[in-house]
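If you want the building blocks of each chain, they are given just below.
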Amino acid sequence: MIELLSRFLMSWEGMILWYFLAVNSFYAFLMLLSMPELWRNWKMAHSENLNRYMSSEALPPVSVLMPAYNMSAGLVDSVRAQLSLRYPRHEVIVINDGSKDATMTLLHAAFNLYEVPPAVSKQLRTQRVRGYLRSRHEPGLLVIDKENGGKADALNAGINAARYPLVVAVDADTILETDAILRLARTFLVGTPVIAAGGTIRVVNGCDVERARVLRPRVSRRFLSGVQVPEYLRAFLFGRLGWNRLGGNLIVSGAFGLFQRKYLLEIGGYQTDNVVEDMDLVVRLHRHMLEKGEEYRVAFVPDPVAWTEVPSDIATLKRQRERWHRGLVKTMLSHRKLMFNPRYGRVGMISYPFFFFGEMLAPVIEVS
């Protein structure tokens with residue numbers, strides 16, 4: 001019996017069993033690490049007076065970047081919602097990425113736009129910008145009209161035009177809680193210098209929404225949308241909080257992330273040839289800071305909340321997950337130098353190997 005068991009464990013089926021034991025044990029380890037982080041953040045969130053930050057000059061001003069492509073439906077409400085966020089000083093930059101619908105027409109009508117001189121330092125290369133426009137009654141709004149180059153290219157155009165040291169990247173259809181940026185930015189004021197931070201993404205499907213604000217959270221009655229609610233909660237409140245403790249967060253969600261602009265410029269902004277530009281950006285930030293030998297932190301903060309719509313049909317979900325995995329594969333292969341490289345600390349010795357073996361190769365092992 002012992003000999004048969006030994007042969008099984010050394011067979012291919014046995015190796016797959018060992019693989020799943022190792023991966024799921026690490027997930028359990030992340031969950032255990034997340035518990036003290038969740039408790040610490042909960043206490044901090046409930047003991048702080050956010051009004052104190054609103055009247056303080058400690059928080060640096062923020063540029064909110066909103067790339068938009070054929071997003072005429074709901075875009076005006078989204079822009080108004082971003083302009084009304086609770087924050088001491090922020091601007092909103094909408095980047096029209098060559099839309100073929102009525103996006104620019106609606107923005108002109110809603111905000112009374114007029115063209116301004118291109119007083120922008122073009123440190124990052126992008127597709128041609130047709131014009132920069134400001135609003136006659138919303139001084140904190142800038143609209144960039146450019147030729148189509150994809151989301152990453154649009155964000156680079158926004159980074160070029162941003163006036164402030166912190167930039168927030170949000171999808172045009174992402175709904176932010178009114179105090180989300182305020183809660184996220186406060187992490188830049190304490191402890192180890194933070195170069196990037198992300199908040200919690202929650203599923204908006206099924207919620208009561210009015211004028212780009214979630215009035216009442218609900219779980220969608222549609223099965224596919226509903227089952228993604230616990231998936232998102234697990235990924236953010238357990239996975240990323242656990243990585244906080246290990247110091248190896250490799251993902252800041254592209255739907256809601258806050259970055260120090262100067263470091264984005266130093267690494268050349270977003271890569272336009274990767275379909276998951278958010279993960280690639282964070283990995284390059286890690287490499288850049290570790291190679292410079294500077295102390296830094298990439299943080300996940302659970303209480304700032306952004307809402308996003310998830311796929312509600314199999315075909316759309318399949319395309320989304322396939323795109324995510326293609327981007328993961330490209331990112332892993334592009335940065336294979338990190339693998340078990342002690343020069344890159346916990347990122348090279350723990351984070352990168354886990355994402356390579358535990359995330360990138362998981363579909364291959366599962367099919368086997």
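The preceding data block contains the structure.
The present account deals with the structure reproduced in this document. (Residues numbered from 1 in each chain as written. Predicted model: local features only at pLDDT ≥ 70, side-chain atom pairs only at ≥ 80, totals over all residues. Heavy atoms only, no water.)

### Brief notes about the overall build of the protein
Rules: Helix and strand assignments follow DSSP, with helices taken as H or I runs no shorter than four residues and strands as E runs no shorter than two, numbered in order from the N terminus. Radius of gyration here uses only the C-alpha atoms, and the compact-globule reference equals 2.2 Å multiplied by the residue count raised to the power 0.38. For the exposure calls, accessible area comes from a 1.4 Å probe over protein chains only, and a residue counts as buried if that area is under 20% of its type's maximum, exposed if over 50%, partly exposed in between. By definition, residues are in contact when any of their heavy atoms lie within 4.5 Å. For every accessible area listed, the method is Shrake-Rupley and the probe measures 1.4 Å; residues are considered covered only by the protein chains on display.
Assigned secondary structure in the protein consists of 13 helices and twelve strands. Against the compact-globule benchmark of 21 Å for 368 residues, the protein has a radius of gyration of 22 Å, which places it among compact chains. Looking at the protein as a whole, 53% of its 368 residues qualify as buried. Within the protein, residue pairs in contact and separated by at least 24 positions form 76% of the contacts whose partners lie at least 6 positions apart. Total accessible area on the protein stands at roughly 17900 Å², and carbon and sulfur atoms take up 57% of it.

### Structural notes on the packing of helix α4 (residues 72-83) against helix α5 (residues 103-111)
Put simply, the rule reads: Inter-axis angles, ranging from 0 to 180 degrees, are taken between N-to-C directions of lines fitted to C-alpha atoms, where helices are fitted over the stretch in contact. Oblique is the label for any angle not covered by the other classes, which are roughly parallel (under 35 degrees), roughly antiparallel (over 145) and roughly perpendicular (65 to 115). Crossing handedness: left-handed means the near helix sits turned counterclockwise from the far one by under a right angle, and right-handed means the same turn made clockwise. When residues are grouped by polarity, Ala, Val, Leu, Ile, Met, Phe, Trp, Tyr, Cys and Pro land in nonpolar, Asp, Glu, Lys and Arg in charged, and all others, Gly among them, in polar.
The contact between α4 and α5 brings their axes to 9 Å, and the two run at 40 degrees. Viewed along their axes, α4 and α5 adopt a mutual orientation that is oblique. Here α4 and α5 pass one another in a crossing that is right-handed. Residues Ser72, Leu75, Val76, Val79, Arg80 and Leu83 of α4 form the contact with α5, whose own contacting residues are Thr103, Leu106, Leu107, Ala110 and Phe111. Across the contact of α4 with α5, the residue classes break down as eight nonpolar, two polar and one charged.

### Some remarks on the nonpolar core
To keep it simple, the criterion reads: What makes a nonpolar core is a set of buried Ala, Val, Leu, Ile, Met, Phe, Trp, Tyr and Cys residues whose side-chain atoms join them at distances within 4.5 Å.
By size, the foremost hydrophobic cluster in this structure holds 52 residues, and its most contacted members are Phe259 and Leu285. Formed by 48 residues, the second largest nonpolar core is a distinct cluster that contains Ala68, Leu83, Leu85 and Val194.

### Brief notes about the pairing of strand β2 (residues 90-97)
As a reminder, the rule being used: At least two bridges found by DSSP between two strands are what make those strands a pair. With strands facing away from the observer, any crossover in which the path from the first strand over the helix to the second runs clockwise is taken as right-handed.
In terms of residue burial, β2 counts as a mostly covered element, since eight of its eight residues are buried. Judged by which residues are buried, β2 turns out to be covered on both faces: His90, Val92, Val94 and Asn96 on one side and Glu91, Ile93, Ile95 and Asp97 on the other are all buried. In terms of strand pairing, strand β1 (residues 62-68) meets β2 through seven bridges, oriented parallel. From the neighbouring strand, Ala68 faces β2, where its bridge partner is Asn96. In the classification by handedness, the crossover that spans β1, the intervening α4 and the parallel β2 is right-handed. With six bridges connecting them, β2 and strand β5 (residues 141-146) associate as parallel partners. Among the inter-strand pairings, Asp97 is bridged to a residue of β5, identified as Lys146.

### Some words on the packing of aromatic side chains
Aromatic ring pairs are defined here through the distance separating the ring centres and the angle between the ring planes. We apply this condition: Stacked, tilted and edge-to-face are the three classes applied to pairs of Phe, Tyr and Trp rings, where Trp contributes its six-membered ring and a pair requires centres within 6.5 Å; stacked means planes under 30 degrees apart, edge-to-face means over 60, and tilted covers the rest. Note on criteria: charge over ring means Lys NZ or Arg CZ within 6 Å of the ring centre, with the direction from the centre no more than 35 degrees off the ring normal.
Within the structure shown, the criterion is met by twelve aromatic pairs. The interplanar angle of 70 degrees and the centroid separation of 5.0 Å between the aromatic rings of Phe356 and Phe357 together place this pair among those described as edge-to-face. Joined through ring pairs, the aromatic side chains of Phe26, Tyr27, Phe29, Trp243, Phe354 and Phe355 make up one cluster. We note Arg234 situated over the ring of Tyr27; from NZ or CZ to the ring centre the distance is 5.9 Å.

### Examining empty space enclosed by the protein
Put simply, the rule is: Points on a 1 Å grid over protein atoms alone make up a cavity when a 1.4 Å probe fits among them but cannot get out, and a pocket when they form an open set with protein on both sides within 12 Å along at least five of seven lines; lining residues each have an atom within 4 Å of a point. Grid points are joined across faces, edges and corners, and a volume is the space filled by probe spheres set on the points.
In this structure the tally under the stated criterion is two cavities of 30 Å³ or more. In this model, the largest cavity occupies a volume close to 50 Å³. Forming the boundary of the largest cavity are Lys151, Leu155, Ala169, Val252, Ser253, Gly254, Phe259, Tyr270, Glu277, Asp278 and Leu281. Ranked by residue count, the leading element in the lining of the largest cavity is helix α10 (residues 277-292), at three residues.

### A short note on a nonpolar patch on the surface
Selection criterion: Patch membership needs two things, relative accessible area over 30% and no salt bridge, and members are linked within 9 Å if like-charged or within 5 Å if nonpolar (Val, Leu, Ile, Met, Phe, Trp, Tyr). Basic side-chain nitrogens of Lys or Arg form a salt bridge, by our definition, when they fall within 4 Å of a carboxyl oxygen of Asp or Glu.
Nonpolar side chains collect at one region of the surface, where Met15, Leu17, Trp18 and Leu21 lie side by side and expose about 400 Å² of accessible area between them. Inspection of the secondary structure assignment puts Trp18 in helix α2 (residues 12-47). For Trp18, a relative accessible area of 47% corresponds to the partly exposed category.

### Examining helix α6 (residues 151-161)
At 3.6 residues per turn, the α-helix brings residues three or four places apart onto the same side. The buried fraction of α6 amounts to ten of the eleven residues, a majority that puts the element mostly inside the structure. All of the buried residues along α6 are Ala152, Asp153, Ala154, Leu155, Asn156, Ala157, Gly158, Ile159, Asn160 and Ala161.

### Things to note about the environment of Val116
Topologically, Val116 is positioned in strand β3 (residues 113-116). The exposure class of Val116 is buried, given its relative accessible area of 17%. A C-alpha to C-alpha distance of 28 Å links Val116 and Ile181, two positions 65 residues apart in sequence.

### What about unusual backbone geometry?
In this structure, Asn112 takes a positive phi of about 50 degrees despite not being glycine. The residue Asn112 is located in the loop between α5 and β3 in this model. Since its relative accessible area comes to 35%, Asn112 is described here as partly exposed. Positive phi, normally seen in glycine, also occurs at Phe340, with a value near 50 degrees. Position of Phe340 among the secondary structure elements: in the loop between α11 (314-334) and α12 (345-360).

Such coordinate-based values are descriptive only and should not be taken to indicate function.
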